[in-house]
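# Architecture at a glance
The lines below spell out each chain.
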Amino acid sequence: MEQRAIAFIGAGNMARSIIAGLVASGYAPDKITATAPSSARREPLARDYGIHTTDNNLSAASDADVIVLAVKPQLMEDVCRPLQILDFSGKLVISIAAGISAERLNQMLATNLSLVRVMPNTPSLIGKGMSGLFASSHINPNDRQFAEHLMQAVGEVCWVEQESGINGIIAAAGSAPAYFFLFMEAMQEEAIKQGFTPDQARMLVQQSALGAAEMVVANPDTDLATLRAQVTSKGGTTAEAIRTFNECQLSDTVAKAMRAAVSRAEEMEKLF
Ligand SMILES: NC(=O)C1=CN([C@@H]2O[C@H](COP(=O)(O)OP(=O)(O)OC[C@H]3O[C@@H](n4cnc5c(N)ncnc54)[C@H](O)[C@@H]3O)[C@@H](O)[C@H]2O)C=CC1
Ligand SMILES: O=C(O)[C@@H]1CCC=N1
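Bear in mind that the values here come from a model prediction, so they are computed numbers and not experimental data.

What follows covers the UniProt feature "domain: Pyrroline-5-carboxylate reductase dimerisation" (unreviewed entry) in the protein. As annotated in UniProt, the feature "domain: Pyrroline-5-carboxylate reductase dimerisation" (unreviewed entry) corresponds to residues 163-268 in the numbering used here. The distance from the first to the last C-alpha atom of residues 163-268 is 14 Å, and the span holds 82% helix and 0% strand.

Listed below in structure tokens is the structure:
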């Protein structure tokens, strides 16, 4: 893909995941800079991926063609204010922050940005990311395409036409790895109670999760309910487990949790 100079402003979990995936996919490390105030955050990135790091947001952003805003939402305004003196014409700005609208980002940087809001997730680290993208009206086709290619380098992408769609992406993908981890934690805990060592319990759970996910991917024409039915023998063990989940209203709980994620994103849009 096109190799533009990219500055990640904020070098935390999500920036690291994208950087790792990008470098593994062949993006030139010397085209990537990441910033963070603490050297404890910067040094491992420089060491592990061979990218540039600095604590100077302004110089990193000034030298970059693409600026990826990757700090916590509550810090975004303070981080953007000193960048207002930059000339953003010719620069693509990508924000991965949850709960900060394109309009707010334009205010924070005091200009009409060529902006793409991206909602990635941490499996980008291993090239299995899922990102939602929304382009502001000021975007030019090259920038739009670059943002798409960038996130395709670390996984799958899904464009949304309305900005509110980004909050749906948060609920279904950005936050979603944590839901699966929670489910697997609960299974591991119970498997330990049933007599397995923690390592055995983890292997049982992770291999089953991996197998299930890969079966979903390998059978795009088979709906999820059918894959479930293929495991569920009439009068058997799975049927009892599924009946128990249904009795505890698992689907309603999942729906409530996803709506809570959307509501929190909407709340953050007012707070920050
Ligand atoms: N963690 C995740 O799974 C996802 C996170 N996001 C978004 O990514 C953004 C970052 O989240 P995380 O990486 O999880 O947070 P994090 O706390 O791991 O990383 C934030 C980084 O910002 C750095 N930072 C703090 N002050 C700074 C400053 N003044 N200048 C430059 N860097 C500074 C910190 O050193 C830290 O490394 C958030 O806006 C979040 O909404 C989006 C999708 C998924
Ligand atoms: O929890 C959060 O707010 C961020 C956005 C999606 C995943 N992590």
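After that view of the structure, there is still more to cover.
Before going further, it helps to spend a moment on the pattern of salt bridges. For the structure shown, the criterion picks out 10 salt bridges. One salt bridge in this structure joins Arg4 and Asp143, with 2.8 Å as the shortest N-O distance. One end of the pair, Arg4, is in the segment before strand S1 (6-9); the other, Asp143, is in helix H6 (residues 141-152), and 139 residues separate them in sequence. Salt bridges linked by common partners bring Glu2, Arg4 and Asp143 together as one network.

Near ligand 1 there are 22 residues, and of these Asn13, Met14, Asn57, Val71 and Ala98 occur at the shortest range. Residue Gly12 places a main-chain N or O atom 3.3 Å away from an oxygen atom belonging to ligand 1. The backbone of Met14 places a nitrogen or oxygen atom 2.8 Å from an oxygen atom of ligand 1. Considered on its own, ligand 1 offers 830 Å² of accessible surface; in the complex 80% of this is hidden by protein.

A positive phi angle, near 55 degrees, is found at Ala110, a position not held by glycine. Locating Ala110 in the fold gives a position in the loop between helix H5 (102-108) and strand S6 (114-119). A positive phi angle is found at Gln249, which is not glycine, with a value near 60 degrees. Tracing the sequence through the fold places Gln249 in the loop between helix H11 (237-247) and helix H12 (250-271). Since its relative accessible area comes to 48%, Gln249 is described here as partly exposed.

Moving on: the UniProt feature "binding site: NADP(+)" (unreviewed entry) in the protein. UniProt records the feature "binding site: NADP(+)" (unreviewed entry) for Ile9, Gly10, Ala11, Gly12, Asn13, Met14, Ala70, Val71, Lys72 and Pro73 in the present numbering. Spanning 65 residues, the annotated positions come together in the fold, the maximum distance between their C-alpha atoms being 13.9 Å. In this structure, Asn13 sits in helix H1 (residues 13-24). Within the secondary structure, Lys72 sits in the loop between strand S4 (66-69) and helix H4 (76-80). By relative accessible area, Lys72 is classed as exposed at 56%.

Taken in spatial order, the eight strands line up as S3-S2-S1-S4-S5-S6-S7-S8 in an open sheet, and their pairing is mixed. The outermost strands of the open sheet, each flanked by one partner alone, are strand S3 (52-54) and strand S8 (155-159). Across the sheet, the mean angle from the axis of one strand to that of its neighbour is 25 degrees, orientation sign disregarded. Bridge count between S1 and S4: four bridges; the pairing is parallel. Bridging across to S4, Ile6 finds its partner in Val66. Of the strands in this sheet, S1, S4, strand S5 (92-95), S6, strand S7 (129-135) and S8 are in contact with H6, which crosses S8 at around 145 degrees.

Before going further, it helps to examine a nonpolar patch on the surface. On the surface, Phe183, Met187, Phe245, Leu250 and Val254 cluster together into a nonpolar patch covering about 400 Å² of accessible area. Elements with a contribution of two residues or more to the nonpolar patch: helix H8 (176-193) and H12. As for its position among the elements, Phe183 is in helix H8. Classification of Phe183 by relative accessible area gives partly exposed; the value is 38%.

What counts and what doesn't
Each residue is numbered by its place in its chain's sequence as written, counting from 1. Each chain is given a letter, starting from A, and each ligand a number, starting from 1, according to the order in which they appear as written. Local features in a predicted model are, by the rule used here, given only for residues with pLDDT of at least 70; side-chain atom pairs are given and counted only at 80 or more, and totals for whole chains, interfaces and linings are based on all residues. Excluding hydrogens and water, the side-chain figures rest on all heavy atoms present in the structure. UniProt positions are given in the numbering used here, feature names are shortened, and annotations may be inferred rather than shown by experiment. Here a helix means four or more residues in a row that DSSP labels H or I, a strand means two or more in a row labelled E, and each is numbered from the N terminus. Salt-bridge detection follows one rule: a side-chain nitrogen of Lys or Arg within 4 Å of a carboxyl oxygen of Asp or Glu. Distances are taken per atom, and a residue is near a molecule or strand as soon as one of its heavy atoms is within 4 Å of it. Whenever two N or O atoms come within 3.5 Å, that pair is a polar contact, provided that in protein one can donate a hydrogen and the other can accept it, and provided that, for residues adjacent in sequence, both atoms are side-chain atoms. All accessible-area figures derive from a Shrake-Rupley calculation using a 1.4 Å probe, and residue coverage is judged against the displayed protein chains alone. We call a residue buried when its accessible area falls under 20% of the maximum for its residue type, exposed when it is over 50%, and partly exposed in between, using a 1.4 Å probe and counting protein chains only. Here, strands pair whenever DSSP counts at least two bridges between them. Here an angle of 0 to 180 degrees is reported between the N-to-C directions of two axes, which are lines fitted to C-alpha atoms, with helices fitted over the stretch in contact. The criterion used for residue contact is that any of the two residues' heavy atoms lie within 4.5 Å. Excluding any residue in a salt bridge, patches collect residues exceeding 30% relative accessible area, merging like charges within 9 Å and nonpolar Val, Leu, Ile, Met, Phe, Trp and Tyr side chains within 5 Å.

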